[in-house]
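One letter stands for each residue in the lines below.
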Amino acid sequence: MYKKIKYILLCSLCITSLQAQTRTEKDLLGEKQIPNNAYYGVQTARALENFQISGMTTQFYPDYVRAFAMVKLAAARANADVGRLKKDRLAAIEKACQAVIDGKYHDQFLVDLYQGGAGTSANMNVNEVLANIALEMSGHKKGEYQFIEPHDDLNMGQSTNDVYPTAIKVALLLHNDKLIKEAELLSQSFHKKGDEFKDILKMGRTEGQDAVPMTVGQEFHAFGNQLDAEINALRKVEVFLCEQNMGATAIGTGITASPGYAEKVATHLAKITGKPIVMSKDLIAATTSQQGFVMYSSTLKSMAVAVAKISSDLIILASGPRTGIFEINLPALQPGSSIMPGKVNPVMPELMGQLCFKVIGNDLTVTIAAQSGLLQLNAYEPIEAIAMMESQGLFFKSFPLFRKNCIDGITVNKDILNHYMERSVGIVTALNPVLGYEKTTELAKEALATNKGILELIREKKLLTEDQIKKLLDPASLTGQK
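Residues numbered from 1 in each chain as written. Predicted model: local features only at pLDDT ≥ 70, side-chain atom pairs only at ≥ 80, totals over all residues. Heavy atoms only, no water.

Student: Where do I start with the packing of helix α6 (residues 160-196) against helix α11 (residues 291-317) in this structure?
Tutor: Each packed pair of helices is defined by two parameters, the angle between the axes and the distance between the axes. At a closest axis distance of 12 Å, the pairing of α6 and α11 adopts a crossing angle of 25°. Considering the angle they form, α6 stands roughly parallel to α11. At the point where α6 passes α11, the crossing takes the left-handed sense. Contact residues: α6 offers Pro165, Ile168, Lys169, Leu172, Asn176, Leu179, Ala183 and Phe190, while α11 offers Phe293, Tyr296, Leu300, Met303, Ile310 and Leu314. In terms of residue class, the contact of α6 with α11 is built from twelve nonpolar, one polar and one charged. (Axes fitted to C-alpha atoms, helices over the stretch in contact; angles between N-to-C directions. Helix = DSSP H or I, 4+ residues; strand = E, 2+ residues; numbered from the N terminus. Parallel < 35°, antiparallel > 145°, perpendicular 65-115°, else oblique. Left-handed = near helix turned anticlockwise from the far one by under 90°. Contact = heavy atoms within 4.5 Å. Nonpolar A, V, L, I, M, F, W, Y, C, P; charged D, E, K, R; others polar.)

Student: Is there a simple way to explain the layout of surface pockets in this structure?
Tutor: Sizing a probe to match a water molecule and rolling it over the atoms shows the empty space that remains. Empty space within the largest pocket amounts to approximately 380 Å³. In terms of lining residues, the largest pocket is bounded by 16 residues, among which Ala318, Gly320, Pro321, Val344 and Asn345 are the most central. Tallied by class, residues from the lining of the largest pocket come to ten nonpolar, five polar and one charged. (1 Å grid on protein atoms, 1.4 Å probe; cavity = no way out; pocket = protein on both sides within 12 Å on 5 of 7 lines; lining within 4 Å. Points joined across faces, edges and corners; volume = space filled by probe spheres on them.)

Student: What should I look at first to understand helix α3 (residues 62-81) in this one?
Tutor: Given 3.6 residues to a turn, an α-helix orients residues that are three or four positions apart in the same direction. Relative to the 28 Å expected for 20 residues at 1.5 Å per residue, α3 spans 29 Å between its end C-alpha atoms, a close match to the ideal helical length. Across the 20 residues that make up α3, a large majority, 15, are buried. Of the residues trailing α3, Gly83 is marked for its positive phi of about 80°. (Expected span 1.5 Å × (residues − 1). Buried < 20%, exposed > 50% of the residue type's maximum accessible area, 1.4 Å probe, protein only.)

Student: I keep staring at the nonpolar core and nothing clicks. Help me out?
Tutor: Soluble, globular proteins show a tendency: their nonpolar side chains are buried together. Counting residues in hydrophobic clusters, the biggest one holds 103 residues, and the most contacted among them are Phe190 and Leu314. Here the element with the most residues in this core is α6; it accounts for 14 residues. Residues contacting Leu314, with those up to four places away along its chain left out, are Phe190, Phe220, Phe223, Ile328, Leu330, Pro349, Phe402, Ile407 and Ile410. Of all hydrophobic cores here, the second largest spans 17 residues; its members include Ile427, Leu443, Ile458 and Leu464. (Core = buried A, V, L, I, M, F, W, Y, C linked by side-chain atoms within 4.5 Å.)

Student: Which parts of the structure should I look at to understand the packing of aromatic side chains?
Tutor: Two aromatic rings, taken as a pair, are described by how far apart their centres are and by the angle between their planes. For the coordinates displayed, the defined rule picks out ten aromatic pairs. Here Tyr39 and Tyr105 contribute two aromatic rings whose centre-to-centre distance is 5.1 Å and whose plane-to-plane angle is 70°, an arrangement assigned as edge-to-face. One end of the pair, Tyr39, is in the loop between β2 (30-35) and α2 (42-50); the other, Tyr105, is in the loop between α4 (87-101) and α5 (120-137), with 66 residues separating them in the sequence. According to the relative accessible area criterion, Tyr105 is partly exposed, its value standing at 24%. Relative to Phe399, the ring of Phe395 lies with its centre 5.0 Å away and its plane at 25°, an arrangement referred to as stacked. One end of the pair, Phe395, and the other, Phe399, are both in helix α13 (residues 381-405), four residues apart, so they sit about a helical turn from each other. Grouping aromatic residues by their ring pairs yields a cluster made of Phe190, Phe197, Phe220, Phe223 and Phe402. The positively charged end of Lys142 is found above the aromatic ring belonging to Tyr39, 4.5 Å away from the centroid. Cation over ring: Lys169 sits above Phe293, and NZ or CZ is 5.9 Å from the ring centre. (Phe/Tyr/Trp six-rings, centres within 6.5 Å; stacked < 30°, edge-to-face > 60°. Lys NZ or Arg CZ within 6 Å of the ring centre and 35° of its normal.)

Student: Explanation requested: the side chain of Thr249 in the structure shown.
Tutor: Along the chain, Thr249 falls in the loop between β5 (243-244) and α9 (261-273). We classify Thr249 as buried; its relative accessible area is 1%. Not counting residues within four places of it along the chain, the set of residues in contact with Thr249 comprises Gly157, Gln158, Ser159, Asn161, Asp162, Gly254, Ile255, Thr256 and Ala257.

Student: What is the right way to look at the side chain of Asn125 in this model?
Tutor: Residue position: Asn125 is located in helix α5. The buried category is assigned to Asn125, whose relative accessible area is 0%. Within the structure, the side chain of Asn125 is placed 3.5 Å from the side chain of Thr44, a separation counted as a polar contact. In this structure the side chain of Asn125 is engaged in a polar contact, spanning 3.2 Å, whose partner is the backbone oxygen of Gln108. Discounting chain neighbours no more than four positions away, the residues touching Asn125 are Tyr40, Thr44, Gln108, Phe109, Leu110 and Val111. (Polar contact = N/O pair within 3.5 Å; in protein donor to acceptor, adjacent residues only side chain to side chain.)

Student: Please explain the pattern of salt bridges as it appears in this structure.
Tutor: Any two side chains of opposite charge can pair if their charged atoms end up close together. Taken as a whole and assessed by the stated rule, the structure comprises 24 salt bridges. Among the ionic pairs, Glu25 bridges to Arg23, the shortest N-O distance being 2.9 Å. Judged by relative accessible area, which is 8%, Arg23 ranks as buried. A salt bridge links Asp63 to Lys178, with the shortest nitrogen-to-oxygen separation between them at 3.0 Å. Of this pair, Asp63 sits in helix α3 while Lys178 sits in helix α6, placing them 115 residues apart in sequence. Taken together, the salt bridges that share partners define one network made up of Lys202, Arg205, Glu219 and Glu327. (Salt bridge = Lys/Arg side-chain N within 4 Å of Asp/Glu carboxyl O.)

All quantities given are derived from atomic positions and should not be read as evidence of function.
What follows is the structure, encoded as structure tokens:
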């Protein structure tokens, strides 16, 4: 009997202890126990159970979390402007949003990036966390929603269908600035090499065959200029991300939003982000359209195509060292084989190629998701967000590695380049104005037949003096730089 009473008392103590560590919240599906130290609420808790997929949560991308807070801050201020949100609640919400924008409480944004419901779980996670932060900052306890409520206050005049795509666009804009800075530094590295190698002659190649002379500097400046063009495209495409549909609410009709709110939230969001955010002219069209995402993803793909091409060029130019082209040296970062002694692989260009392939694949994901939406809403925006933010992140993290561990350390093999210049038939094109097409054709034919170089034959036949040869091979005039 004593043991039974002791057991009942222990169970009672355990229940009391458990209750002390949790709070009860409820939604349309019923009640749920939420840890007292959690700033999220019941709907987030359900999402944590339902979407245990990738392990990557909203907090994985800090700019994504900040973007949500910026959107909620703009919405709260707009609702106060139209006389709907009380000033005391606005003040608390502003403090909560600013704290998240400053990088605090990010560990509370726990919903998996992969989720059903067109982003509803992510939006409610934000609403609940911001509400509970605001409550605590106002001297209340978490869950005391009679003072600040996740739906009525944090989601006032809003829907996931306008908040979620707007937050994605803001996140992409925030991270685009960082990506562009890294891309610019990478481009500068190529241009520095272009200046360093500006007087070093080499043979250009088309279709894998000898073409006409150029300088190594021209080749590296061309790499940099390709990146510059992609950077310019990333800047220009922002115009598609700056058009947002806040105020559209569920499908674009603006139900539950107050008159004037949509215009004001765009104005506030522009001030908060520092970007030229504007309200779409047609909120119904904007709610179903995915143009901004398709355009931005396509621009990331274009960057990937350029970087992959440059990486492949570096691999072939550094091939060898004894049986390849071997015009340049890439920094040796690690042993290249578990069986072949002395082998060193071009690991950084290979890495960049793989990342670019992933970005190209992500663009296809965005394309398919964008065209698969039904009627007034696209429920597949979560996968679009994942794909684009991953692509941004891959570039942002890899560009500095590519720059520091590869491009900055590239050197040139001048002896190899001079050997190719001496042996190449391609140099004959530069002699057309002096010797004539017929004569140079004969020289090219003889060079191929005898395995001799053009300059070797010219010296043998005494067709030109050494001074004439030197002038013809002047890098500036030979490569169109005069």
